[in-house]
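In case you want the letters, here they are:
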Amino acid sequence: MPERSFIVNGRQVTVDIDDDVRMLWVLRDVLGVTGPKYGCGINVCKACTSHINGRAFNPCSVPVSKIKPDDEITTIEGLGQPDNLHPMQKAWLEHDVAQCGYCQPGQIMAAVDLVKKVHAEGREVTDADIDTQMRNVCRCGTYYRIRQAIKDGAKQMQGS
Amino acid sequence: MTRKDEAMTSRRSTPEPNASPSAPSADTAADAEQIGAPVTGRRRFLGYLLAGSTVVAAAPLVGSVLDQSKALAGGVPSNPQTSDNYDLSDAIYDAAKPTSDLITVQVHPDGTVSHEMVRTEVGQGVQTAIAMLIAEEMDVPLEKVRVTHADARPELVWNQLTGGSTSIGSQYYPVRVAAAIAKGALLEAAAHKLDLAASELTGQSGKILAPTGQVLSYGELAEEAATLQNKTVQAVLKPESEFKIIGKPTRRVDALDIVTGRKQFVTDFDMPDALPTMVCRPPTINGTVKSVNNAEDVQRMPGVTHVETITTGVAVRARTFGQCIDAIHALDVTWNPGPVAGTSDASIEKELKDAAPPWVLPAIPGTKTFEKEYTFAFTNNAPLEPATAIADVKEDSAEIWGAAKLPITAQADAAKLLGLPISAVKFHVVGSGGSFGRRLFNDGPLDAAEASQKMGAPVRMMWHRADEYRQGRGRPMQVSKIRAHHNGKDVLSLENRFMSVFTDWGHGFGDAAAAMYTRLPGAELAVSEVIFELTAVWPYNMGPTKQLLMETRQATEQPGAPRTRSTFNTGAMRQVYNPNVVAAQELFVDELANELDRDRYEFRRDLAKNEKFRKVIEKVAEAGNWGRSLPKGVAQGIGVHEEYKQYSACLVEVDCRPETVNRKVPGATTGPRVTRAVFVTTVARHLVNPLGAEAQLQGGIMDGISLAQTNSLHLRDGAFLEGSYDDFRYTRQWNVPLDVEVILLPEDPAAEVGGFGEVGVAPTFAAVACAIGAARGTYPDYLPISHNAGIPFEVKPHVPPIPQSPTNGLEHYPAPAKAKGTLHP
């Protein structure tokens with residue numbers, strides 16, 4: 001089996017795994033990084049949303065062979081620590097967003113990416129941005145609090 | 001936004017969640033008087049101190065108070081319905097009474113307090129609410145309370161069931177009594193140590209304070225307060241007027257773990273030998289394996305360790321789930337068709353309509369008959385975490401980890417399937433990534449147990465998303481026929497015939513014997529009739545009123561079969577029959593109001609069956625500004641319902657103008673947009689966590705919107721077409737209202753306990769359906785409205801049964817490459 005090396009949450013890792021195994025399974029089943037969740041496996045539900053080199057992606061739809069040795073993958077575990085939370089995680093706590101919690105790692109990673117993108121465009125996040133960019137499914141229906149948390153988290157990200 | 005009603009008690013008007021508990025305010029008692037609640041003194045209960053190395057307390061349960069709301073005389077009075085006085089929640093509470101004394105609270109030397117709850121956290125917040133009860137009663141900080149799941153405990157018989165929005169109602173007293181007894185033991189131990197009377201001591205923040213200034217922590221008293229033998233003791237509960245935690249908006253105790261990715265679901269467990277396992281499932285519903293034609297080839301594929309046929313298909317075990325998916329794609333299986341092969345939406349709809357029992361209320365001479373018929377498509381529980389479990393089956397024992405709402409049934413069914421005695425099967429309950437009824441059934445644990453036994457190895461079982469839609473569970477197709485007689489002014493009689501495909505109650509209600517009873521041939525419909533009778537309530541005075549349920553396609557399993565596979569896979573999905581019952585009811589009432597040339601709100605208000613219905617109807621109209629001027633194509637709708645002791649009404653505004661309906665979001669089904677939702681509900685006494693209640697209502701509102709607009713399964717030739725969330729269109733951000741308002745009315749002293757897990761769905765569904773009808777000028781008679789407007793997705797193959805994962809994820813974010821969504825109903 002080929003060896004693949006890349007960076008996960010700041011740590012260089014090496015795995016022995018076939019080329020076409022998707023990154024979600026490499027993270028979860030091989031490396032034991034279980035923050036990214038399985039909800040569909042076909043880039044639809046967005047429960048696995050993580051970052052590669054600072055931009056959001058869905059590891060369920062990327063074979064490990066497409067990941068380069070210097071690619072930096074960040075999962076929810078690498079976004080912030082309990083004693084040093086990312087502003088978006090704080091906003092999620094503040095608004096008590098989570099219900100079952102299964103989709104929330106992906107929601108937070110997608111929200112951080114969205115806010116970074118609109119801030120880079122020099123503007124504030126709008127409801128239209130959330131409508132079109134936040135495709136993440138929340139079957140508990142926490143969407144209303146997610147919206148509030150994204151807007152609050154965005155303010156804190158600007159200030160940080 | 002949640003607006004607290006002006007008359008709201010101060011207990012719930014605290015704006016800041018988790019504000020540090022302050023001294024009990026004078027307002028609290030005053031408010032209790034203001035709303036007419038009985039100012040309860042110290043309620044006393046008997047409980048037990050159990051022998052142990054630290055304090056272990058146990059407790060019994062008291063019954064709930066029946067809700068006797070005063071009947072109103074507007075309209076032609078209706079006959080009382082069963083659910084007016086005794087409903088499903090009463091039935092579950094009563095069933096829970098005999099054994100609840102086994103609920104315990106334990107104090108540990110590190111100062112923490114633990115409780116193994118006999119309810120399952122599925123996202124509804126029960127873990128937080130139960131921790132709040134303990135923290136309140138024991139005067140211990142919330143963060144010192146650890147609430148975990150009890151394993152399946154067959155001795156609990158009826159009392160390990162999570163369903164019907166009854167968790168808080170049934171646990172409110174037992175948990176508090178156990179906590180009070182534990183605290184009492186700590187006070188006694190402290191009194192002994194300090195040579196003072198216990199009555200001189202007080203508990204505060206996990207410490208016992210003496211008038212002498214001495215302070216002892218609960219932790220240091222935990223062992224000294226332990227008893228050597230079981231003792232019966234009297235518990236004195238804290239008066240409600242002293243509550244500092246119960247009734248305060250409180251954030252979830254598992255929130256930090258969730259937002260940091262540390263909350264573990266079953267498939268996250270660090271058990272390296274339990275390798276990923278999936279099942280290649282049949283192309284038709286409940287089809288069976290005839291032969292596996294290349295098992296040996298598949299077993300040699302990279303990462304694959306086992307290929308074994310089980311009841312539900314061909315199980316494959318591999319190093320990663322990705323390699324399971326590859327193996328399923330490579331498998332060559334010959335299948336027998338399932339029991340519903342050849343059926344389609346159209347054929348099932350016809351069966352249901354043909355099954356309608358005849359009308360029985362006679363036509364009254366000189367009156368007009370007004371009759372309507374509404375069809376509701378199949379849908380799916382679709383929790384985001386699919387069916388999962390870990391199982392490790394040995395020759396003479398088994399251990400299973402799974403998210404079960406009825407762990408006793410899960411354990412008994414697994415034992416039967418494995419040929420083991422119940423005592424040889426350990427079932428560990430794990431919180432789940434949503435349920436909505438899905439975890440009443442143990443499809444994940446049973447697949448896992450069977451695969452592990454056949455493979456002789458531990459397995460980490462997971463259903464694919466496509467499996468969930470195609471072989472999973474949900475509310476089946478239903479048809480509601482409603483007929484009224486009126487004289488042009490008054491409605492003189494009302495009949496409702498509600499036809500449903502078989503609803504599976506085979507899980508029983510908490511113990512193995514009951515589960516078996518509900519599986520006796522002929523028993524299923526009886527159970528369905530009881531549930532329907534206990535939950536259906538027509539809110540309006542429309543003369544003699546009769547609602548009847550008829551179900552088709554009953555299961556034909558022999559008694560005791562662990563799983564029903566002889567018909568559709570169904571079950572009690574969030575709020576069971578009522579989303580469709582209430583949507584049909586309110587559509588009918590709208591259309592009847594139009595027929596009688598009445599304002600749709602005033603018609604409801606004037607015919608409200610009792611003062612509580614009238615109150616919520618008036619309140620929602622006021623808060624929602626009923627009748628305000630809106631552009632053509634935008635309209636309001638109202639939905640009304642009573643369940644779980646609580647009366648609720650929802651008002652929505654829906655924008656059906658072409659520019660909105662046809663708005664483009666890549667890969668999205670857009671359609672009408674609910675721009676505003678106002679939800680009003682009465683609140684039974686003992687609301688533990690208003691913030692959690694609000695969350696449940698907000699979530700229920702999203703369910704209601706999706707049921708009205710987009711959320712369904714299409715049945716063709718014995719199989720469901722949907723295979724992903726882009727096919728099965730549960731509400732997404734592009735259909736979320738930007739304005740959602742939840743109004744909790746003051747606690748209703750006549751209703752002792754309520755529940756919020758389901759109550760948001762039905763009134764919202766009804767309100768959205770009505771608003772769409774009003775905006776368009778034509779009321780829908782088939783829901784969701786998009787169902788017959790075409791198939792807006794590419795149907796994924798049924799052989800292999802699950803789609804392969806794409807490889808272009810780096811190029812496509814956030815919309816997948818194949819996203820389609822040209823349907824804008």
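Here is what the cut-offs are and how they apply
- Residues numbered from 1 in each chain as written.
- Chains lettered and ligands numbered in written order.
- Predicted model: local features only at pLDDT ≥ 70, side-chain atom pairs only at ≥ 80, totals over all residues.
- Helix = DSSP H or I, 4+ residues; strand = E, 2+ residues; numbered from the N terminus.
- Rg over C-alpha atoms; globule rule 2.2 N^0.38 Å.
- Contact = placed C-beta atoms within 7 Å.
- Pairing = 2+ DSSP bridges.
- Axes fitted to C-alpha atoms, helices over the stretch in contact; angles between N-to-C directions.
- Domains from an automatic or database assignment.
- Nonpolar A, V, L, I, M, F, W, Y, C, P; charged D, E, K, R; others polar.
- Parallel < 35°, antiparallel > 145°, perpendicular 65-115°, else oblique.
- Left-handed = near helix turned anticlockwise from the far one by under 90°.
- Buried ≥ 20, exposed ≤ 12 C-beta atoms within 10 Å, placed from the backbone.
- Expected span 1.5 Å × (residues − 1).
- UniProt positions renumbered as here; feature names shortened; annotations may be inferred.
- Core = buried A, V, L, I, M, F, W, Y, C linked by C-beta atoms within 7 Å.
- pLDDT = per-residue confidence, 0-100.

## Quick look at the overall build of chain A
Next up, step 1: For chain A, the count of helices and strands is six helices and five strands.
Next up, step 2: N-terminal to C-terminal, the α/β element order of chain A is β-β-α-β-β-β-α-α-α-α-α.
Next up, step 3: Taken over the C-alpha trace, chain A has a radius of gyration of 16 Å; the compact-globule value for 160 residues is 15 Å, and the two agree within 12%.
Next up, step 4: Each principal axis of the C-alpha distribution contributes one length, and for chain A these read about 45 × 30 × 30 Å.
Next up, step 5: If you take every contact in chain A between residues at least 6 apart in sequence, the share linking residues at least 24 apart comes to 62%.

## Here's the deal with the sheet that holds strand β1 (residues 44-50) of chain B
Residues and elements named next belong to chain B.
Next up, step 1: With mixed pairing, six strands are arranged side by side in an open sheet as β5-β4-β3-β2-β1-β9. The open sheet has two edge strands, β5 (145-149) and β9 (231-236), and neither has a second partner. Across the sheet, the mean angle from the axis of one strand to that of its neighbour is 30 degrees, orientation sign disregarded.
Next up, step 2: In terms of strand pairing, strand β4 (residues 113-117) meets β5 through five bridges, oriented parallel. Its bridge partner lying in β5, Ser114 is registered against Arg146.

## Focus: the domain arrangement of chain A
All names here are of chain A.
Next up, step 1: Taken as a whole, chain A is organised into domain 1 (3-79) and domain 2 (87-157).
Next up, step 2: Domain 1 and domain 2 are separated by 21 Å when their C-alpha centres are compared.
Next up, step 3: Between domain 1 and domain 2, the contact holds 15 residues from the first and 13 residues from the second.
Next up, step 4: Of all the elements in the fold, those that place two or more residues in the side of domain 1 that touches domain 2 are β3 (50-52), β4 (55-57) and α2 (76-79).
Next up, step 5: For the side of domain 1 that touches domain 2, the per-class residue count stands at seven nonpolar, five polar and three charged.

## Things to note about the packing of helix α21 (residues 690-709) of chain B against helix α22 (residues 761-776) of chain B
Residue and element names in this part refer to chain B.
Next up, step 1: Where α21 meets α22, the closest approach of the two axes is 7 Å, and the angle between their N-to-C directions is 40 degrees. Overall, the two elements α21 and α22 adopt an arrangement that is oblique. Note that α21 runs across α22; the crossing there is right-handed. Across the interface between the two elements, Gly700, Ile701, Asp703, Gly704, Ile705, Leu707, Ala708 and Gln709 of α21 pack against Val761, Thr764, Phe765, Val768, Ala769 and Ile772 of α22.
Next up, step 2: By residue class, the composition of the contact of α21 with α22 is nine nonpolar, four polar and one charged.

## Quick word on the interface of chain A and chain B
Next up, step 1: Counting from both sides, the interface comprises 61 residues of chain A and, opposite them, 66 residues of chain B.
Next up, step 2: It is helix α5 (residues 127-133) of chain A that provides the largest number of residues to the side of chain A that touches chain B, a total of five residues.
Next up, step 3: Residue composition of the side of chain A that touches chain B, by class: 31 nonpolar, 18 polar and 12 charged.

## Concerning the domain arrangement of chain B
The extent of an interface is frequently quoted as the accessible surface area lost upon association of the parts.
Next up, step 1: Examined at the domain level, chain B breaks down into domain 1 (8-64 + 88-182 + 224-259), domain 2 (266-340 + 387-463) and domain 3 (578-783).
Next up, step 2: Here domain 2 of chain B and domain 3 of chain B have C-alpha centroids that lie 38 Å from each other.

## Here we look at the pairing of strand β19 (residues 459-462) of chain B
All names here are of chain B.
Next up, step 1: Neither face of β19 is left uncovered, since the one carrying Val459 and Met461 and the one carrying Arg460 and Met462 both have all their residues buried.
Next up, step 2: Here strand β10 (residues 275-280) runs beside β19; their pairing, made up of three bridges, is parallel. Within β19, the residue paired with Pro276 across the bridge is Arg460.
Next up, step 3: Here four bridges tie strand β16 (residues 388-393) to β19, and the two strands are oriented antiparallel to one another. Its bridge partner being in β19, Thr388 is matched across the sheet by Met462.

## Observations regarding α22 of chain B
Next up, step 1: Across its 16 residues, α22 of chain B extends 23 Å between first and last C-alpha, which sits within 8% of the 22 Å expected from 1.5 Å per residue.
Next up, step 2: Of all 16 residues that make up α22 of chain B, 15 are buried, and the element is covered over most of its length.

## Points about the UniProt feature "domain: [2Fe-2S]-binding" (unreviewed entry) in chain A
Next up, step 1: The positions UniProt marks with the feature "domain: [2Fe-2S]-binding" (unreviewed entry) are residues 75-151 of chain A.
Next up, step 2: End C-alpha to end C-alpha, residues 75-151 of chain A measures 21 Å, and it is 58% helix and 0% strand.

## Some words on the nonpolar core
Residues and elements named next belong to chain B.
Next up, step 1: Core analysis: the largest hydrophobic core is formed by 282 residues, its most contacted members being Ala57, Leu186 and Val316.
Next up, step 2: It is helix α6 (residues 167-194) that provides the largest number of residues to this core, a total of 15 residues.
Next up, step 3: Setting aside chain neighbours within four positions, we find Ala57 in contact with Gly47, Tyr48, Leu49, Thr104, Val105, Ala178, Ile181, Ala182 and Ala185.

## Considerations on the sheet that holds strand β25 (residues 673-684) of chain B
Whenever strands of a sheet pair, they do so through backbone hydrogen bonds, lying parallel or antiparallel.
All names here are of chain B.
Next up, step 1: An order of β23-β24-β25-β28 is seen for the four strands of this open sheet, with the pairing classed as mixed. Bordering the open sheet on either side are β23 (634-643) and β28 (739-748), each of which pairs with just one other strand. Mean inter-strand twist for the sheet, computed between neighbouring axes without regard to direction, equals 10 degrees.
Next up, step 2: Relative to β28, β25 is paired through eight bridges, and the arrangement is parallel. Residue pairing in the sheet places Ala677 in a bridge with Val740 of β28.
Next up, step 3: Those strands touched by α21 are β25 and β28, and its axis lies near 130 degrees from that of β28.

## Describing the confidence of the model for chain B
All names here are of chain B.
Next up, step 1: Averaged over chain B, the pLDDT score is 88; the fraction of residues at 70 or greater is 87%.
Next up, step 2: Considering only residues more than four positions removed or in separate chains, one finds that residues 1-16, a stretch of pLDDT under 50, has 36 contacts.
Next up, step 3: Low confidence marks residues 61-70, where pLDDT is under 50. Its contacts with residues over four positions away, or in another chain, come to 26 contacts.
Next up, step 4: The complex prediction reports pTM at 0.92, with the ipTM value standing at 0.98.

## Notes on the environment of Ile482 of chain B
Residue and element names in this part refer to chain B.
Next up, step 1: Topologically, Ile482 is positioned in strand β20 (residues 478-486).
Next up, step 2: Given 23 C-beta atoms within 10 Å, Ile482 falls into the buried group.
Next up, step 3: In sequence terms Ile482 and Glu371 are 111 residues apart; their C-alpha atoms lie 5.7 Å from each other.
Next up, step 4: For Ile482, the residues in contact, after removing those within four places along its chain, are Lys372, Asn496, Ala584 and Phe588.

## Quick notes on the packing of helix α5 (residues 126-138) of chain B against α6 of chain B
All names here are of chain B.
Next up, step 1: Orientation of α5 relative to α6, taken along the N-to-C sense of each, is 35 degrees, at an axis distance of 8 Å. Between α5 and α6 lies a crossing whose hand is right-handed. Contacts between α5 and α6 pair Val126, Ala129, Ile130, Leu133, Ile134, Glu137 and Met138 from the former with Ser167, Ile168, Gln171, Tyr172, Val175, Arg176, Ala179, Ala180, Ala182 and Lys183 from the latter.
Next up, step 2: Taken together, the residues that form the contact of α5 with α6 break down as 12 nonpolar, two polar and three charged.

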